[in-house]
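Breakdown of the fold
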Amino acid sequence: MDYERVNSLPELHRPYTAAADRYEHFGYRRVGNSGLLLPPLSLGLWWNFGDNRPFDAQREVLRHAFDSGINHFDLANNYGPPAGSAEENFGRMMRKDFKGYRNELVISSKAGYDMWPGPFGSFGSRKYLISSAEASLQKLGVNYVDIFYSHRFDPKTPLEETIGALDTLVRQGKALYAGISSYSAERTAQAAQIARDLGTPLVIHQPSYNILNPWVEHGLLDTLRDEQMGAIAFTPLAQGLLTDKYLNTTEVQRQGGRRSLEAHLTEENLTKVRRLNEVAQSRGQSLAQMSIAWLLRDGAATSVLIGASSTAQLDENLGALQNLEFSSEELAQIAEIAQGDAGIDWWKASAIG
Ligand code: NAP
């Protein structure tokens, strides 16, 4: 990232007016059978929006996303680093740039992973979820979030309590819709039933899902269809593995990537990535574009939740929407290359419950 360039961009220091044609780039997709519509690409703030990156660099990406039609920004209590700083930075952005656009934005947050010390700083108790949602609203500087998620299943708290807390937040008007993340197919069906009985249907599930990690295809997507819930796929690019980034990588360059990715830049995985890249090129797409298009094929995912550290990455990823069609030969080729466990289902443990 060229920080000097970003810091000297004059437009970032002028009041922001969103692009007039922002809703003309693509259609919005219905989440299950709810009234909520999401853009095909949504932007996550897990990385790149903490205190470790200049505010203006973040601002440039967020403005560009909204100008391009991406009106869904996904957060969680623990995004940063440090944990919580992404919500604080987004709150600043709300005050400076997006205040006049609140009604157009879909802002989500979550609680479930470690946030503060003590017995009520993690997992799925009513006390943790409600207090965390309250803290998130304050950081974000908004009266409500559009979606609030239980970030992971809690094996020790009754599911009725966790889902009951989501129901409470919706009834209090602090969240408009309720969702769950990384729940197994079985737990999803149970959670959906509990939520329905309470009168606050779960509308969306946020699972990890990409070409090298298609676990949701073994049950969860069927459950979501049965429950009439939407799916927003996170880590669609396997944190950058399914992009040009590591195609011609050397050991030294590998050290520069995300820490969680380093162990997975094996020769076996990189061979898969290079072969997938050949399929992408034969389709006239970059690997990132094909990986995103693959998730949106036939409505497999309602929306694809990408991360991006630059406007150039955003633009490339948006280019995926130019071709969402796959021939059966291409799908078979992709499945053949991707077969076997690439070891990148980092959230597997959460979905066991
Ligand atoms: P990802 O889209 O798989 O990876 C994003 C990273 O890939 C970017 O930060 C960038 O790396 C690289 N990248 C993106 N586009 C690129 C391009 N065109 N060319 C080259 N590199 C490119 O997604 P993710 O960041 O892992 O996750 C996305 C979002 O999902 C998160 O922000 C969060 O909202 C959500 N999420 C949810 C959970 C959950 O438990 N519910 C867990 C994880 C993530 P650099 O930053 O290194 O440039």
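For the structure, see preceding data.
Residues numbered from 1 in each chain as written. Predicted model: local features only at pLDDT ≥ 70, side-chain atom pairs only at ≥ 80, totals over all residues. Heavy atoms only, no water.

This next bit is on the nonpolar core. Leu 43 and Phe 73 are the most contacted members of the largest nonpolar core, which has 97 residues in total. Looking at this core element by element, the count peaks at 8 residues for helix H11 (residues 287-296). Those residues within four positions of Phe 73 in sequence are excluded, and the remaining contacts are Leu 43, Leu 45, Leu 62, Ala 65, Phe 66, Phe 90, Leu 105, Val 106, Ile 107 and Ser 108. Residues Ile 147, Val 203, Phe 234 and Trp 347 belong to the second largest nonpolar core, which totals 13 residues. (Core = buried A, V, L, I, M, F, W, Y, C linked by side-chain atoms within 4.5 Å. Buried < 20%, exposed > 50% of the residue type's maximum accessible area, 1.4 Å probe, protein only. Helix = DSSP H or I, 4+ residues; strand = E, 2+ residues; numbered from the N terminus. Contact = heavy atoms within 4.5 Å.)

This part is about the side chain of Thr 223. Along the polypeptide, Thr 223 turns up in helix H7 (residues 220-227). When near neighbours in sequence (up to four residues on either side) are disregarded, Thr 223 contacts Ala 185, Thr 188 and Ala 189.

Looking now at H7. Three or more residues of H7 are buried, namely Leu 220, Leu 221, Thr 223, Leu 224 and Glu 227. Along H7, the residues classed as buried sweep out an arc of 160° about the axis, all on the same side. When the buried face of H7 is taken as reference, the exposed residues oriented beyond 90 degrees from it are Arg 225 and Asp 226. In this fold, the buried residues of H7 make contact with helix H6 (185-198), strand S8 (202-206) and strand S9 (230-234). Once H7 ends, the next one or two residues include Gln 228, with phi positive near 55°. (Arc of directions from axis to C-beta.)

Attention shifts here to the pattern of salt bridges. A complete count under the given rule lists 15 salt bridges for this structure. Among the ionic pairs, Asp 97 bridges to Arg 59, the shortest N-O distance being 2.9 Å. Of this pair, Asp 97 sits in helix H3 (residues 85-98) while Arg 59 sits in helix H2 (residues 55-67); the two residues are 38 residues apart in sequence, bridging distant segments of the chain. Put simply, Glu 227 and Arg 196 hold a salt bridge, and the shortest N to O gap is 2.9 Å. Highlighted residues: Glu 227 in helix H7 and Arg 196 in helix H6, separated in sequence by 31 residues. (Salt bridge = Lys/Arg side-chain N within 4 Å of Asp/Glu carboxyl O.)

In terms of residue burial, strand S5 (residues 106-111) counts as a mostly covered element, since 6 of its 6 residues are buried. With burial as the criterion, each face of S5 is covered, one bearing Val 106, Ser 108 and Lys 110 and the other bearing Ile 107, Ser 109 and Ala 111. As judged from the 3 bridges shared by strand S4 (residues 72-74) and S5, these two strands associate in the parallel manner. Following the sheet pairing, Asp 74 is matched in S5 by Ser 108. Taken together, S4, H3 and S5 form a β-α-β motif whose crossover is right-handed. (Pairing = 2+ DSSP bridges. Right-handed = clockwise from strand over helix to strand, strands pointing away.)

Our next topic: the packing of H6 against H7. Helix-helix packing is characterised by the crossing angle of the two axes and by the distance between the axes. Relative orientation of the contacting elements H6 and H7 amounts to 15°, with a least axis distance of 9 Å. One element, H6, and the other, H7, form an angle in the roughly parallel class. Here H6 runs over H7; the crossing is right-handed. Listed contacts from H7 to Ala 185, Thr 188, Ala 189, Ala 192 and Arg 196 of H6 are Leu 220, Thr 223, Leu 224 and Glu 227. A class-by-class count of the residues in the contact of H6 with H7 yields 5 nonpolar, 2 polar and 2 charged. (Axes fitted to C-alpha atoms, helices over the stretch in contact; angles between N-to-C directions. Parallel < 35°, antiparallel > 145°, perpendicular 65-115°, else oblique. Left-handed = near helix turned anticlockwise from the far one by under 90°. Nonpolar A, V, L, I, M, F, W, Y, C, P; charged D, E, K, R; others polar.)

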